[in-house]
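Take a look at the letters that make up each chain.
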Amino acid sequence: MRPLTEPETRTLFTKLASYTGPSLKTLLSPPSQSTTTSQSQSTSRHVFRLHHSRVYYVRESLANHATSISRHALLSLGTCLGKFTKTGQFRLHITALDVIAPHARYRVWVKQNGEMPFLYGGNVLKAHVGRWSEDCAAGQGVLVLGGGDVAIGFGVTARSTAEARRLDPTAVATFRQADIGEYLREEDTLFTTT
Amino acid sequence: MAPTKPQSSKSRKPPSSGPKGKVGKSKPKGPPPKPQQVKTKRPTSSAKPKRKVYTEKELDIPKLNMITPAGVQKPKGKKKGKIFVDDQESMMTILAIVNAEKEGQIESKMMKARQMEEIREARRQEAEARQQHKREKLEETKDLIRKSRKRKSDTTSTDAEKVAKTEKPGKKRVSFG
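Residues numbered from 1 in each chain as written. Chains lettered and ligands numbered in written order. Predicted model: local features only at pLDDT ≥ 70, side-chain atom pairs only at ≥ 80, totals over all residues. Heavy atoms only, no water.

*Asks:* Tell me about the overall build of chain A, and name the residues and values.
*Replies:* Counting secondary structure elements, chain A contains 9 helices and 11 strands. Per-residue burial for chain A yields a buried fraction of 48% across its 194 residues. A sequence separation of at least 24 residues applies to 56% of the contacts in chain A between residues at least 6 apart. Accessible surface for chain A amounts to roughly 9500 Å². Of this, 53% is attributable to carbon and sulfur atoms. (Helix = DSSP H or I, 4+ residues; strand = E, 2+ residues; numbered from the N terminus. Buried < 20%, exposed > 50% of the residue type's maximum accessible area, 1.4 Å probe, protein only. Contact = heavy atoms within 4.5 Å. Areas by Shrake-Rupley, 256 points an atom, 1.4 Å probe, with all protein chains shown as cover.)

Next up, the structure:
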């Protein structure tokens, strides 16, 4: 387990920034900091740690405690955001949904009939879209919300909002990147480290 | 036999030892065959220490076009190993840079999309206008034909008109058994 290097940090933030807005800053410095004392500031501060090519978003005090566990014995800590591929790219995992969801820049609301196909790994079709954020460009990261404004995953827009309006109902509006169905589908591999 | 041995020993050692060098200088004192041999070896022994050893940089030899792999190249004076970014300030700066880049990208994308949308809209309107113009022209020609027919019908006799009237419905009728 180690902190990220500069290029790694840049890659991670670039990926996160494609889904979130400028409020991503709150990840590094939680807004509750100003009200708390200096001691609790250091404990509430969250950091990014790389362990077995996976990036974890951890409370600093917990990360410090984790140093007492040997590398091969440590399985996971904090929230796993994703992993670095061997080519140096970063893949966001579904576990990062809770980190992304409050800061998402664009959102797509899926109708009741579109939830199950999405949770089984399908893309979001135009017919299944309830509504979407305005002024969204093509290839932009979006948060997918189900009924009752519950985040069920995230994806990438296939077309811009204006273009998507003219699409036929069976056309893909958003390409799936991750959905909460993965917790069951990828149960065997989601938390394994090799 | 005896003189040859010292000669050989002298010839080997003079460059390293001072006194022997002196002995070499006092050649004229010695027997004639000895100095001849020493003379021949003296220049080599004295030249060796004088010769300056040049480094590759001093000589300015053009470097061979050898490729050093990226992984092998090590910049001098730089810290070895990874440099971690763990302090909040540097993370914030990286985040700010990344955010600014992303904003720029999104902005440019949106600008492009808007421009494309405008162009499409303009094209659509143009096509609509063209179609409208065509339709109007068609209507005009239709009216013209109708008027001309009416005029013709006015000029012709009433009998002919009756015939035409009776003929027309017969012509238009189409039936598929």
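*Asks:* Lay out the sheet that holds strand S5 (residues 90–92) of chain A in plain terms, naming residues and giving numbers.
*Replies:* Residue and element names in this part refer to chain A. Spatial strand order, S1-S2-S3-S4-S5: 5 strands in an open sheet with antiparallel pairing. The two strands at the open ends of the sheet, each matched to only one other strand, are strand S1 (2–3) and S5. Two elements, S1 and strand S2 (residues 46–51), share 2 bridges in a ladder whose sense is antiparallel. Bridging from a neighbouring strand, Arg 2 pairs with Leu 50 of S2. Contacts from helix H1 (residues 6–17) reach S1, S2, strand S3 (54–59), strand S4 (79–84) and S5 within the one sheet, and its direction differs from that of S5 by about 40°. (Pairing = 2+ DSSP bridges. Axes fitted to C-alpha atoms, helices over the stretch in contact; angles between N-to-C directions.)

*Asks:* So what's going on with the packing of aromatic side chains? Residues and values would help.
*Replies:* Residues and elements named next belong to chain A. All told, the structure shown has 4 aromatic pairs over all chains when counted by the stated rule. Relative to Phe 48, the ring of Phe 13 has its centre 5.6 Å away and its plane inclined at 75°; by these criteria the two rings are edge-to-face. Linking Phe 13 in helix H1 with Phe 48 in strand S2, this pair joins segments that are 35 residues apart in sequence. Per residue, the accessibility class of Phe 13 equals that of Phe 48, and both read buried. (Phe/Tyr/Trp six-rings, centres within 6.5 Å; stacked < 30°, edge-to-face > 60°.)

*Asks:* Pulling in residues and values, what's your account of the interface of chain B and chain A?
*Replies:* Across the boundary between the two partners, chain B contributes 23 residues, which contact 33 residues of chain A. In this assembly, chain B packs against chain A so that about 2500 Å² is buried in total across both faces, 61% of it on carbon and sulfur atoms. Where chain B packs against chain A, one counts 5 salt bridges. A salt bridge links Arg 120 of chain B to Glu 163 of chain A, with the shortest nitrogen-to-oxygen separation between them at 4.0 Å. At the boundary of chain B and chain A, one finds 8 residue pairs in polar contact (both at pLDDT 80 or more). A per-class count over the side of chain B that touches chain A returns 11 nonpolar, 2 polar and 10 charged. (Buried area = accessible area lost by both parts, 1.4 Å probe. Salt bridge = Lys/Arg side-chain N within 4 Å of Asp/Glu carboxyl O. Polar contact = N/O pair within 3.5 Å; in protein donor to acceptor, adjacent residues only side chain to side chain. Nonpolar A, V, L, I, M, F, W, Y, C, P; charged D, E, K, R; others polar.)

*Asks:* Let's hear about unusual backbone geometry: which residues, and what values?
*Replies:* Residue and element names in this part refer to chain A. One non-glycine residue, His 52, adopts positive backbone phi at about 55°. Relative to the assigned elements, His 52 resides in the loop between S2 and S3. Its relative accessible area of 32% is what places His 52 among the partly exposed residues. Located in the positive-phi region is Asp 135, a residue other than glycine, with phi close to 55°. Tracing the chain through its elements places Asp 135 in the loop between strand S8 (129–132) and strand S9 (141–145).

*Asks:* Quick one: what's the story with the environment of Leu 77 of chain A, residue by residue and with numbers?
*Replies:* All names here are of chain A. With respect to the helices, strands and loops of the structure, Leu 77 is situated in the loop between helix H4 (60–66) and S4. With a relative accessible area of 7%, Leu 77 lands in the buried category. Along the backbone, Leu 77 and Arg 59 are 18 residues apart, and their C-alpha atoms lie at a distance of 9.4 Å. Beyond its immediate chain neighbours, meaning those up to four positions away, Leu 77 contacts Met 1, Tyr 56, Val 58, Leu 62, Ala 63 and Ala 66.

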